[in-house]
Amino acid sequence: MEWCLSMPKVELHAHLNGSIRDSTLLELTEGLVGKGVIDISEVEHIIKKYNRSVAEVFKLFDLIHILTTDHETVTRITREVIEDFASENVVYLELRTTPKRNDSVGMSKRSYVEAVLKGLRSITSVDVDFIPHCEDSKSLFSSVPAIGHVRKRIYVRLLLSIDRRETAEAAMETVKLALEMRPFGVVGIDLSGNPSIGDWATYLPALKFAREQRLYVTLHCGEVPNSVEIKNMLDFRPQRIGHACHLEDEHWRQLKSSKIPVEICLTSNIRTLTIRSIEVHHFGDLYKAKHPLVLCTDDSGVFSTSLTEEYKFAADSFGLGRREMFELSRNAIEYTFADSKLAILFRSVPYPRLKSVVEKKKE
Ligand code: 6MZ
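Reading the values: rules and limits
- Residues numbered from 1 in each chain as written.
- Predicted model: local features only at pLDDT ≥ 70, side-chain atom pairs only at ≥ 80, totals over all residues.
- Heavy atoms only, no water.
- UniProt positions renumbered as here; feature names shortened; annotations may be inferred.
- Phe/Tyr/Trp six-rings, centres within 6.5 Å; stacked < 30°, edge-to-face > 60°.
- Helix = DSSP H or I, 4+ residues; strand = E, 2+ residues; numbered from the N terminus.
- Buried < 20%, exposed > 50% of the residue type's maximum accessible area, 1.4 Å probe, protein only.
- 1 Å grid on protein atoms, 1.4 Å probe; cavity = no way out; pocket = protein on both sides within 12 Å on 5 of 7 lines; lining within 4 Å.
- Points joined across faces, edges and corners; volume = space filled by probe spheres on them.
- Nonpolar A, V, L, I, M, F, W, Y, C, P; charged D, E, K, R; others polar.
- Near = heavy atom within 4 Å.
- Polar contact = N/O pair within 3.5 Å; in protein donor to acceptor, adjacent residues only side chain to side chain.
- Areas by Shrake-Rupley, 256 points an atom, 1.4 Å probe, with all protein chains shown as cover.
- Sits in = over half its atoms within 2 Å of the grid points.

In the nomenclature of an unreviewed UniProt entry, the protein chain corresponds to Adenosine deaminase from the organism Vigna unguiculata. According to the UniProt record, the Catalytic activity (unreviewed entry) comment for the protein chain reads "N(6)-methyl-AMP + H2O + H(+) = IMP + methylamine".

Okay, here's the thing in structure tokens:
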């Protein structure tokens, strides 16, 4: 586990509210139970379950959203999630979240994203870089006196998610918001939400608009069997797809020839029973085929995992050694939606040294 923990890692598929700490989830639940807003006997089984079907996961999200939908909590969760990723040596994080409107607490999609940004700014335990082009490579590489304790640095970019329950208009609002928030590190759009509901075509105008405006697009694709949707999503040629669990032979052929990178979420797929067992997980086949891949957590809180554990899980399950895992992590840089300057910077560092270069020594 030690080398998986210490190696620099790149996380490209993490949902903010799915990455909530257990302790925070429990604390927020107790708070609302205390206020009589929710009844613990009704939610206990949702929180404590270990393996959850896809449908049960979305019941948990409904509960999490009841607990987290005010500005202060969104800010707090953002801070905690980023601290947690930084603590396990994630050097670049693309964090995704669905901007939400909640009239009862005066929340608009915009103020939701502002609360996320406030969370990013409020972190003091690690250095957080989230505004593109805010730093040139010179200042990153300039060496600070090598005494005192090491401060970690994490580069964070944001993706705004469209939930499959939303209307076409709400999706368009999210894309316009992403454009407005681009100067603060929003780099793309994700389509997610319960894969068994809604029709992805509803969001095509918004997704096409995002692409025209040069926002990157990633789609949750094939989390449940849906042959037509999978084919249409692959035809759309997003910059990345997430999951890719239920592709059929012709889809695999199309995916492999398209070279669209796949965000792989091993624990999530196994726990939700989307994939029968790790032995038959498509990671093995795609890895052998040298298809662009990136290991991700999906929802580290909901699935009690971490990126370190995902690397260990992949190494143990597919017989990969340190060198292969390093390579996998380094290659992920190629699939980020980062501004080219940052990508060049990351590429220019010998990968094993990346962590120490990114870290800053404080006097
Ligand atoms: C599809 C998922 C997901 O946006 O409130 N989400 N969508 N498949 C998954 N696999 C298990 N895991 C999370 O984070 C929670 C939201 O992310 C999406 C769902 O829309 C969920 O409500 P945010 O920060």
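The rest of the description comes next.
## Comments concerning the packing of aromatic side chains
Under the criterion given, the structure shown has five aromatic pairs. Measuring from ring centre to ring centre gives 5.8 Å for tryptophan 200 and phenylalanine 236, while their planes differ by 80°; the resulting arrangement is edge-to-face. Of this pair, tryptophan 200 sits in the loop between strand S6 (186–192) and helix H9 (204–212) while phenylalanine 236 sits in helix H10 (residues 227–236), and the two are 36 residues apart along the sequence. For tryptophan 200, a relative accessible area of 4% puts it in the buried group. Here the aromatic rings of phenylalanine 283 and phenylalanine 318 are separated by 4.8 Å at their centres, their planes lie at 50°, and the arrangement is tilted.

## Considering empty space enclosed by the protein
What the rule picks out here adds up to three cavities of 30 Å³ or more. Of the volumes computed, that of the largest cavity is approximately 60 Å³. Among the residues making up the lining of the largest cavity, the classes are represented as three nonpolar, three polar and three charged.

## Structural notes on the site of the ligand
By nearness alone, 19 residues border the ligand, and His65, Thr97, Thr98, Lys100 and Asp299 come closest of all. In this structure, threonine 98 approaches the ligand through a side-chain N or O atom, which is 2.5 Å from an oxygen atom. Between the ligand and the protein, one listed contact pairs an oxygen atom with a side-chain N or O atom of lysine 100 at 2.7 Å. Its free accessible area being 520 Å², the ligand has 99% of it covered by the protein chains. Taken atom by atom, the bulk of the ligand overlaps the largest pocket. Top contributing element to the shell around the ligand by residue count: helix H4 (residues 54–68), with three residues.

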